[in-house]
Amino acid sequence: MFTESFSSAPLAALSRRRFLKITAATFGAAATASQVGCVADKVTGEKGIRTVATTCDVCFWKCGVIATVRDGELWKLEGNPLDPLSRGRLCTRGTAGMGMREDPYRLRAPLIRTGERGAEQWKVATWDEALDYAAERLKKLAAQHGPETIAFFKHGIGAYYVEHALKAFGTPNVAAPSFAQCRGPRDVGFNLTFGTNPGTPENTDIANAKTLVLIGSHIGENMHNSQVQEFADMIRAGGTVIVVDPRHSTAASKAKYWLPIRPGTDIALLLAWMNVIVREGLYDREYAGKYGEGFDKFSEAIADKTPEWAAGEIGVDAELIRTTAREMARTRPATLIHPGRRTTWHGDDAQRSRAVALLNALMGNWGRKGGFYVPNYIGLADFPGVPAYPKSTKGKADNPIIDGRKRWPFADQTVTTGLREATITGQPYPVKAWVVDATNLLQSMPDRRRTLEAIRALDFLMVIDTVPSEITGYADVVLPEAVYLERWDAINDDSLRTPFLALRQPVVAPPHEQKPGWWIGKELGRRLGVEKYFPWKDVEECLRVRIAEGGYDWAALKAKGILIGKQAPIYIDDGAEVTYDTPSGKVEFWSKQLADKGFDPVPKYTRPDEGPPGSYRLLTGRAPMHTFSRTVGNARVAQLMPENKVWLNAAEARKLGLANGTRVKLRNQDGVESGPVPVMVTERIRPECVYLVHGFGSEAKAWKGAYRKGASTAQLSTRVKIDPLMGGTSIHTNFVTLEKMA
Ligand code: SF4
């Protein structure tokens with residue numbers, strides 16, 4: 001499952017001459033050899049071998065890495081054994097991280113648009129020209145509409161300093177797709193129940209669980225390093241795995257019970273499980289009595305949700321529902337119903353996640369071994385000694401008050417798609433500029449057409465990225481960021497079992513004109529007139545101050561990459577304390593908060609919509625060698641999966657006359673077509689759905705390594721249901737037909 005190292009073998013057989021030709025053509029006649037040289041062009045003259053401790057950024061998990069440099073160039077990446085996240089082992093993507101540095105199509109120099117938006121035509125600019133121009137445009141728009149007219153979209157820790165500059169300039173409109181397009185429904189569902197949520201990384205004690213229930217959560221396909229390692233530990237120790245998924249996933253192949261339910265019927269199953277556990281008195285009565293609020297009303301609300309009722313909806317036997325409910329109860333509190341991560345499926349996702357939270361509450365597993373541990377956290381101050389950000393009088397644009405109530409009352413973070421709507425409609429006020437940092441919004445938000453409509457309504461779009469992803473093609477200014485192996489970033493002090501600090505520091509220098517995010521933030525901030533928010537001379541001084549204020553040793557952190565803090569108990573039984581930050585101060589089985597806002601206080605099941613006759617529901621997910629669209633052009637992992645395949649049930653394939661490997665295009669209910677992909681004929685998926693890995697089908701011509709590789713799920717997701725509680729956007733509400741390519 002894991003590889004220990006990945007040597008720096010020669011990459012794609014692309015001659016330097018041809019490479020220069022392609023790149024010059026991409027960036028227009030203004031591009032010169034100095035902006036288009038390959039990685040090896042900057043010869044350092046360094047000899048010998050050295051190692052640097054840093055952290056991975058191929059995904060947001062930020063595992064500790066030991067990077068080895070040989071004769072001045074990256075040689076291999078391995079896990080840092082001191083790191084509690086990676087435990088000394090990286091996943092496939094992490095070991096192949098140098099592919100991001102080597103990408104022959106990566107951005108090299110700042111660019112200013114010369115052609116139509118989307119035409120990917122720019123002139124090469126100096127950093128001064130690009131930043132001066134960007135700051136001038138942003139200041140002009142802010143003078144007209146207020147600083148709130150700037151929306152900042154980000155993904156990951158690299159955006160930390162640019163976010164700081166823009167917040168200092170006065171915009172509150174800072175959003176990440178990780179909320180409304182990913183884990184937001186889960187966090188809201190858990191907040192409503194426990195007053196807190198599983199966080200990032202999740203406080204799931206998988207390693208010690210005796211029963212693990214995965215509901216549409218594909219551990220092993222979503223390669224979150226520590227969770228996969230714990231999953232393997234748990235299986236090795238003889239734990240029971242129950243998987244609920246219309247698809248026989250990798251996790252399902254490890255399961256004792258696989259419940260291939262009809263897509264969209266999860267709430268029916270969850271209610272039936274809770275019905276069995278409550279009726280048979282199998283729940284943790286002591287926990288519910290001591291910490292629960294509204295248990296009787298909850299119990300009444302699920303009284304008729306029997307396995308027999310659910311079986312007809314979900315397409316799985318009532319007896320299997322009963323058996324698995326009893327199995328869960330048998331091992332409680334060491335029974336973990338995994339909260340999932342990308343929980344935006346059908347538009348009722350916060351309520352489904354609340355049902356998952358309630359089932360966990362019946363297990364009495366919050367703060368208990370094998371359930372959810374109480375995380376430790378060092379918690380450094382963000383920017384010691386800088387002034388508070390100015391307070392916006394307008395507030396955020398994403399979630400306006402309508403009829404006396406916020407549109408999505410329980411959204412506690414900015415909703416990306418809410419900002420997209422504000423950009424299109426100009427309501428509640430005009431959003432005229434986007435700054436987009438390391439998130440390809442044409443893939444990370446559903447309905448590409450709607451995103452393009454918003455982009456057309458903008459006066460200014462600036463993109464900061466390492467590669468010319470699709471969104472860069474529409475940018476007025478493109479700023480090339482150094483990849484994570486070439487830059488400092490903010491310190492990682494995420495909460496975990498073990499309190500820790502992790503440092504990202506440069507291993508090698510950027511090969512061209514690329515700059516780190518902290519430098520871009522500082523220089524943009526200076527031009528926007530907020531230099532007092534950047535009082536340090538460079539990023540190292542900023543990090544050193546943060547570390548010193550926390551009482552930690554900077555030199556030790558630089559040398560080891562990881563510092564471990566003082567361990568506090570993580571289980572209630574060992575003295576850890578748990579508080580429930582809900583209005584009642586208890587676990588809310590029946591939610592007054594929801595009832596007061598006109599929502600169901602206990603989750604209710606609604607039958608999912610049917611698709612047009614002859615169509616299949618499109619399901620999406622992850623592959624272990626890819627991180628969204630970010631890695632599709634990384635030649636090292638693209639060798640393992642160059643494009644996505646559409647999974648199709650074998651009986652359906654026979655009906656359609658499609659064989660394994662036949663190339664098809666997908667057409668959705670609104671007539672939107674994908675690029676061609678091969679069919680994977682399999683018994684491992686229910687007949688009414690098909691499945692595609694997300695992140696493929698890039699339309700960015702400049703990013704040749706990813707261009708038109710596979711089919712884009714974002715493009716096919718034009719029918720979106722919005723979660724009424726928190727604004728999350730459903731992805732599994734689209735239907736497609738398959739058409740054989742000539
Ligand atoms: Fe890197 Fe893999 Fe860890 Fe993500 S899980 S940070 S890709 S090693």
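Position numbers for residues start from 1 in each chain and track the written sequence from start to end. Note on the predicted model: pLDDT of at least 70 is required for a residue's local features to be given, and 80 or more for side-chain atom pairs to be given and counted; whole-chain, interface and lining totals, by contrast, use all residues. Working from all heavy atoms in the structure, the side-chain values ignore hydrogens and water.

## Here we look at helix α15 (residues 416-425)
Then, number 1: Note on classification: 1.4 Å probe, protein chains only; a residue is buried when its accessible area is under 20% of the maximum for its type, exposed when over 50%, partly exposed between these limits. Strands are runs of DSSP state E lasting at least two residues, helices are runs of H or I lasting at least four, and both sets are numbered from the N terminus onward. Summarising burial for α15: seven of the 10 residues are buried, a large majority.
Then, number 2: Looking only at α15, the buried set comprises Thr416, Thr417, Gly418, Leu419, Arg420, Ala422 and Thr423.
Then, number 3: By definition, residues are in contact when any of their heavy atoms lie within 4.5 Å. Buried-residue contacts for α15 involve β6 (150-154), β7 (174-175), α7 (177-194), β15 (433-437) and α17 (448-456).
Then, number 4: Phi turns positive one or two residues past the end of α15, at Gly426, with a value near 75°.

## Focus: the domain arrangement of the protein chain
Then, number 1: Residue ranges for the domains originate in an automatic or database domain assignment. According to the domain assignment, the protein chain contains domain 1 (47-105 + 484-509 + 553-568), domain 2 (111-172 + 392-481 + 516-535), domain 3 (187-375 + 572-596) and domain 4 (616-740).
Then, number 2: Relative to domain 4, the C-alpha centre of domain 1 lies at a distance of 32 Å.
Then, number 3: Contacts between domain 1 and domain 4 engage 12 residues on the former and 16 residues on the latter.
Then, number 4: Accessible area that two parts lose when put together, with a 1.4 Å probe and added across both, is what the buried area reports. Carbon and sulfur atoms make up 56% of the area that domain 1 and domain 4 hide from each other, which totals about 1,100 Å².
Then, number 5: Salt bridges are identified by distance alone: a Lys or Arg side-chain nitrogen within 4 Å of an Asp or Glu carboxyl oxygen. Between domain 1 and domain 4 we count two salt bridges in total.
Then, number 6: Where Glu102 meets Arg636, a salt bridge forms, and the shortest distance between an N and an O atom there is 2.8 Å.
Then, number 7: Counting of polar contacts relies on pairs of N or O atoms within 3.5 Å, with two restrictions inside protein: one atom must be capable of donating a hydrogen and the other of accepting it, and residues adjacent in sequence are counted only when both atoms are side-chain atoms. One can count seven residue pairs in polar contact (both at pLDDT 80 or more) joining domain 1 with domain 4.
Then, number 8: Every element with two or more residues in the side of domain 1 that touches domain 4 is listed here: α3 (92-95) and α4 (98-102).
Then, number 9: Looking at the side of domain 1 that touches domain 4 element by element, the count peaks at four residues for α4.
Then, number 10: Only Asp, Glu, Lys and Arg are considered charged in this grouping, and only Ala, Val, Leu, Ile, Met, Phe, Trp, Tyr, Cys and Pro are considered nonpolar; every other residue, Gly among them, is considered polar. By residue class, the composition of the side of domain 1 that touches domain 4 is six nonpolar, two polar and four charged.

## Side note on the site of the ligand
Then, number 1: Any residue with at least one heavy atom within 4 Å of a molecule or strand is counted as near it. If you check the shell around the ligand, you find Cys56, Val58, Cys59, Trp61, Lys62, Cys63, Leu90, Cys91, Arg93, Gly94, Met223 and Asn225 and nothing else.
Then, number 2: Taken together, the residues of the shell around the ligand sort by class into eight nonpolar, two polar and two charged.

## Looking at the nonpolar core
Then, number 1: Only buried Ala, Val, Leu, Ile, Met, Phe, Trp, Tyr and Cys residues count toward a nonpolar core, and they belong to the same one when joined by side-chain atoms within 4.5 Å. Ranked by size, the top nonpolar core spans 64 residues in total, and within it Trp273, Phe298 and Leu362 carry the most contacts.
Then, number 2: Looking at this core, the element that brings in the most residues is helix α9 (residues 266-279), giving 11 residues.
Then, number 3: Residue contacts for Trp273: discarding those within four places in its chain leaves Val213, Ile215, Ile242, Val244, Leu259, Ile321, Thr324, Ala325, Met328 and Leu359.
Then, number 4: Grouped together as the second largest cluster of nonpolar side chains are 54 residues, Leu131, Tyr160, Leu380 and Val539 included.

## So, the pattern of salt bridges
Any two side chains of opposite charge can pair, on the condition that their charged atoms come close.
Then, number 1: Following the criterion strictly, the structure yields 58 salt bridges and no others.
Then, number 2: Between Asp128 and Arg527 there is a salt bridge whose closest N-O contact spans 2.7 Å. Placement of the pair is Asp128 in helix α5 (residues 127-145) and Arg527 in helix α18 (residues 517-527), with a sequence separation of 399 residues.
Then, number 3: For Asp128, a relative accessible area of 48% puts it in the partly exposed group.
Then, number 4: Linked by salt bridges that have partners in common, Asp57, Glu481, Arg487, Asp489, Arg504 and Arg630 make up one network.

## Let's talk about helix α13 (residues 318-330)
Then, number 1: Expected helix span is given by 1.5 Å per residue-to-residue step, counting one fewer step than there are residues. For α13, spanning 13 residues, the distance from its first C-alpha to its last is 19 Å, which sits close to the expected 18 Å at 1.5 Å a residue.
Then, number 2: Those residues of α13 that fall on the buried side of the exposure criterion are Ala318, Ile321, Arg322, Thr324, Ala325, Glu327, Met328 and Ala329.

## Looking at the sheet that holds β7
Then, number 1: Note: two strands are recorded as paired if DSSP finds a minimum of 2 bridges between them. Reading across from one edge, β5-β4-β17-β16-β15-β6-β7 is the order of the seven strands in this open sheet, with mixed pairing throughout. The open sheet terminates on both sides in strands that have one partner only, identified here as β5 (122-124) and β7.
Then, number 2: Bridging between β15 and strand β16 (residues 460-465) involves five bridges; their strand directions are parallel. Each residue of the ladder has a partner; that of Trp434, found in β16, is Leu461.

## Observations concerning the environment of Thr451
Then, number 1: Take Thr451: it is sitting in helix α17.
Then, number 2: Owing to a relative accessible area of 0%, Thr451 belongs among the buried residues under this scheme.
Then, number 3: Spatially, the C-alpha atom of Thr451 lies 6.8 Å from that of Arg420, the residues being 31 residues apart in sequence.
Then, number 4: When sequence neighbours within four positions are dropped, the list of residues in contact with Thr451 reads Arg420, Trp434, Leu441, Leu442, Met445 and Pro446.

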